[in-house]
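# Fold and geometry: a report
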Amino acid sequence: MNNLKAQTQLFSKFGRTGNWLILSSVMTGSTFAFIVPVMSYFFLDEKGQGLHAKPMDFLIYLITITFLGTICNQVMARLADKGFSAKWIYIFSVGCSALATLFYANTQSIGIVFLMGVLFIALGSAAIPQLFTLSRQYADQSDIKTGSFNSVLRAGFAAGWVLGSGVAYELIARTGFSGAFYGASIVSFLSMLVAFFVLPTYHKSKEHRTAGKPTNIPLGFWVLVILMVIGNVANNIYLLSIPLIITNELNLSESLPGKLFALVALLEIPFMLYSAKLAERFNRYYLVIFSFILALIFYVGVYFATQGWQFMVLQIFNAGFIGIFAGLGISIVQDQLPKYVGFTSAIYTNTLRIGSTLGAVGIFISGEYFTYQSAVIGSIACAVVCIVGMLILQASSTNKSL
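Being a predicted model, the structure only gives us computed values, none of them experimental.

### Re the overall build of the protein
Looking only at helices and strands, the protein has 14 helices and zero strands in total. Ordered by position from the N terminus, the helices and strands of the protein form the series α-α-α-α-α-α-α-α-α-α-α-α-α-α. Across its three principal directions, the C-alpha atoms of the protein cover 60 × 50 × 45 Å. Buried positions account for 54% of the 402 residues belonging to the protein. Partitioning the intrachain contacts of the protein with sequence separation of at least 6 by distance along the chain shows that 83% fall at a separation of at least 24. For the protein, the computed accessible surface area is about 17900 Å², with 67% contributed by carbon and sulfur atoms. Distance between charge centres in the protein, computed from 23 positive and 14 negative side chains, equals 12 Å.

Below, the structure written as structure tokens:
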């Protein structure tokens, strides 16, 4: 009863609209989980109904979409900061994802996949930062603690990712890739309906509108952004390399990577939720530094691990790292420039995209010239750089927002 009461209080304090925003975060996470983890399999599958493409084709696709998505995110962010409704930008972006996945479900042409990616998937990537922008606007006008609300939203996104990725691969096994892409379209359409009928529309008054991009950005902000990118590089090197390390180099069970991903996704949710409570008592930057220390322990452990149970135990450190890093990251970036929520939300989302792409490049280089296990050294180095960088940033007098 006490646990049920605590859960009820958790969601009731955000209000009805806040709960709809959390549901939208879950649905958006599910939509991207139907697409992102599937695309490498869709490109490189040699036996099923995939594209039968070469690894370089997928790398070019990933780099192109990341580059265009980064530009689209910033353009959409400027529109939001100039006064355009983040709700309608979100609906437009989710609609683009729905349209692209409908084409993906009905083609085996690499050319069409590239074209849809360039035209629509890049625009669809703006859905995440616009949802965070809309959520921040709601929190500011409702006197809700933004750190706590952002952590719950991020946890909702993670929960959606767990649900979506599991369902996506089940659909692939039963119906082929078309099932997963149709699933993405359906969830996207439902997200649009929720946003249209339930989510609020905010319009800035003329005196509160901005030019869309701040003119005097402190150096500490860009240092923080770079460290966020490096942290995501570390995480994505591990995500991409661990299946290959386990199956190709250690000859362990092929089902183990899936178990590891599911376990850490479940464990990181309570870390995300609890990180917001810790942030009310402790300096958020020190908490993020602590998360990088957990990451360092985790990556060193992964480098030396040889047994399945060792990888399973290590996921506790991985969950702590991702839960705190992702749970607090969006808030500390937004708080650097509170008048430019659209700009900072897009910047934060782009650190995820850029980190993912750089991690993929690192894996290709490592697999080509060394071993996949050696790629984990890159994650270790990234964690060390982040720890040192955050300590310097925290001590710097130039970053007044700390």
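### Points about the nonpolar core
What tends to happen in soluble globular proteins is that the nonpolar side chains get buried as a cluster. Phe149, Tyr299 and Met390 are the most contacted members of the largest nonpolar core, which totals 84 residues. Ranked by the residues each element gives to this core, the list is headed by helix H9 (residues 219-249), at 14 residues. Among residues more than four places away in sequence, those in contact with Phe149 are Phe14, Gly18, Leu21, Ile22, Ser135, Tyr138, Ala139 and Ile144. Membership of the second largest hydrophobic core comes to 30 residues, among which are Phe58, Tyr61, Cys96 and Ala168.

### Digging into unusual backbone geometry
Phi at His52 takes a positive value of approximately 55°, unusual for a residue other than glycine. Tracing the backbone shows His52 in the loop between helix H2 (15-44) and helix H3 (55-82). A positive phi angle is found at Asn251, which is not glycine, with a value near 55°. In this fold, Asn251 is placed in the loop between H9 and helix H10 (256-279).

### Details of the packing of H9 against helix H13 (residues 341-369)
The axes of two packed helices give the description: the angle between them and the distance between them. Packing of H9 against H13 leaves a shortest axis separation of 7 Å and a crossing angle of 40°. By the angle between their axes, H9 is oblique relative to H13. Between H9 and H13 the crossing geometry is right-handed. Along the lines of polarity and charge, the residues of the contact of H9 with H13 split into 16 nonpolar, eight polar and no charged.

Thresholds applied
Residues numbered from 1 in each chain as written. Predicted model: local features only at pLDDT ≥ 70, side-chain atom pairs only at ≥ 80, totals over all residues. Heavy atoms only, no water. Helix = DSSP H or I, 4+ residues; strand = E, 2+ residues; numbered from the N terminus. Buried < 20%, exposed > 50% of the residue type's maximum accessible area, 1.4 Å probe, protein only. Contact = heavy atoms within 4.5 Å. Areas by Shrake-Rupley, 256 points an atom, 1.4 Å probe, with all protein chains shown as cover. Lys, Arg positive; Asp, Glu negative; His and termini not counted. Charge placed at Lys NZ, Arg CZ, Asp CG, Glu CD. Core = buried A, V, L, I, M, F, W, Y, C linked by side-chain atoms within 4.5 Å. Axes fitted to C-alpha atoms, helices over the stretch in contact; angles between N-to-C directions. Parallel < 35°, antiparallel > 145°, perpendicular 65-115°, else oblique. Left-handed = near helix turned anticlockwise from the far one by under 90°. Nonpolar A, V, L, I, M, F, W, Y, C, P; charged D, E, K, R; others polar.

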